[in-house]
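# Summary of structural features
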Amino acid sequence: QVQLVESGGDLVQPGGSLRLSCVGSGFTFSNYIMSWYRQAPGKEREWVAFITSGGNTNYAASMKDRFTISRDNAKNMVYLQMRSLKPEDTAVYYCKARDGRNYRTEYWGQGTQVTVSS
């Protein structure tokens, strides 16, 4: 069965750092574009970042220069390193896997809670 499981969410103070992880199973991880999304209470889900099989990355403007996405295909894992966290970063963070050659095939994790508060 296909699974994506996020971990690493926590309560942190403004200006702090946090590293999120997501492990995939049941599919050919190296063929998939991996992304992070987030959703705050009462708001729409928004895209955070993606990384391709070849390691190309892109970020939403509000996360540029603060967040870093990376992957380890040997471990079927994708990471999101977050720094200089702000209260508006508070949200449930989700990882997504999308087939690079068939965008109709995609999988979502269950999410992990990040809370930024003093």
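Scroll up to find the structure.
This text gives an overview of the structure that appears in the document.

What counts as what
- Residues numbered from 1 in each chain as written.
- Predicted model: local features only at pLDDT ≥ 70, side-chain atom pairs only at ≥ 80, totals over all residues.
- Heavy atoms only, no water.
- Buried < 20%, exposed > 50% of the residue type's maximum accessible area, 1.4 Å probe, protein only.
- Helix = DSSP H or I, 4+ residues; strand = E, 2+ residues; numbered from the N terminus.
- Pairing = 2+ DSSP bridges.
- Contact = heavy atoms within 4.5 Å.

## Focus: the pairing of strand β9 (residues 91-99)
For β9, a buried count of seven out of nine residues is recorded, marking the element as mostly surrounded by other parts of the structure. Here eight bridges tie strand β4 (residues 32-39) to β9, and the two strands are oriented antiparallel to one another. The residue of β9 that forms the bridge with serine 35 is lysine 96. Pairing analysis gives three bridges linking β9 to strand β11 (residues 112-116), with the strands arranged antiparallel.

## A word on the environment of glutamate 44
With respect to the helices and strands, the residue glutamate 44 is situated in the loop between β4 and β5 (46-51). For glutamate 44 and glycine 100, which are 56 residues apart along the polypeptide, the C-alpha to C-alpha distance reads 25 Å. Glutamate 44 has contacts with Arg38 and Gln39, leaving out every residue within four places of it along the chain.

## Remarks on the pairing of strand β8 (residues 77-82)
In terms of burial, β8 is largely enclosed, as five of its six residues are buried. Here strand β3 (residues 18-25) pairs with β8 via six bridges, running antiparallel. Bridging across to β8, cysteine 22 finds its partner in valine 78. As paired strands, strand β7 (residues 67-72) and β8 are joined by six bridges and run antiparallel to one another. Looking at the pairing, threonine 68 lines up with glutamine 81 of β8. A loop of four residues connects β7 with β8, the two strands running antiparallel in sequence, and asparagine 76 in this loop sits at a positive phi of about 55°.

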